[in-house]
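Summary of structural features
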Amino acid sequence: ADIEVALPLTKIIPSSARVKIGLLPEWKTAASLVHHCDPYGNSCLAVTELVSWISSHGFIHSDNKLVRETYLTSEKDMYGKFRLAELLIPIEYNK
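Source: prediction; values computed, not measured.

Here we come to the layout of surface pockets. Empty space within the second largest pocket amounts to approximately 190 Å³. Contributing to the lining of the second largest pocket are W27, K28, T29, F59, S62, P90, I91, E92, Y93 and K95. Of the residues forming the lining of the second largest pocket, the biggest block, four residues, is contributed by strand β4 (residues 83-93). Tallied by class, residues from the lining of the second largest pocket come to five nonpolar, two polar and three charged.

Written as structure tokens, this is what we have:
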């Protein structure tokens, strides 16, 4: 699986062999779920819950490969506890 990590930058930095700098692609419409999760555990059901909501409300996942999860927790609070996160999945009406 390809995993990308996004961090806000306060200044422009150059890309390197290990790090690519870029902008996240824009999505016209996305479903969002704010939840508490443990990114190091295997029991987070947020993706399953949001995909179920998407299909039950007449939408489809517009790109099955793309999902964004943004942690809404400061870096100092990242380890050893559940953290608040927002899950985003691009959607469109099921035609």
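Attention now moves to the side chain of R68. In this fold, R68 is placed in strand β3 (residues 68-71). At a separation of 2.4 Å, a polar atom in the side chain of R68 contacts the main-chain carbonyl oxygen of P25. Ignoring sequence-local partners within four residues, the contact set of R68 consists of L24, P25, W27, E86, L87 and L88.

Quick look at the environment of E69 now. Inspection of the secondary structure puts E69 in strand β3. For E69, a relative accessible area of 32% puts it in the partly exposed group. On a C-alpha basis, the gap between E69 and I89 in space is 8.9 Å, while along the polypeptide they are 20 residues apart. Setting aside its immediate chain neighbours within four residues, E69 contacts H35, C37, A85, E86 and L87. Separated by 2.8 Å, the side chains of E69 and H35 make a polar contact. Engagement of the side chain of E69 in a polar contact is seen with the side chain of Y71, the distance being 3.3 Å.

Rules used throughout
- Residues numbered from 1 in each chain as written.
- Predicted model: local features only at pLDDT ≥ 70, side-chain atom pairs only at ≥ 80, totals over all residues.
- Heavy atoms only, no water.
- 1 Å grid on protein atoms, 1.4 Å probe; cavity = no way out; pocket = protein on both sides within 12 Å on 5 of 7 lines; lining within 4 Å.
- Points joined across faces, edges and corners; volume = space filled by probe spheres on them.
- Helix = DSSP H or I, 4+ residues; strand = E, 2+ residues; numbered from the N terminus.
- Nonpolar A, V, L, I, M, F, W, Y, C, P; charged D, E, K, R; others polar.
- Polar contact = N/O pair within 3.5 Å; in protein donor to acceptor, adjacent residues only side chain to side chain.
- Contact = heavy atoms within 4.5 Å.
- Buried < 20%, exposed > 50% of the residue type's maximum accessible area, 1.4 Å probe, protein only.

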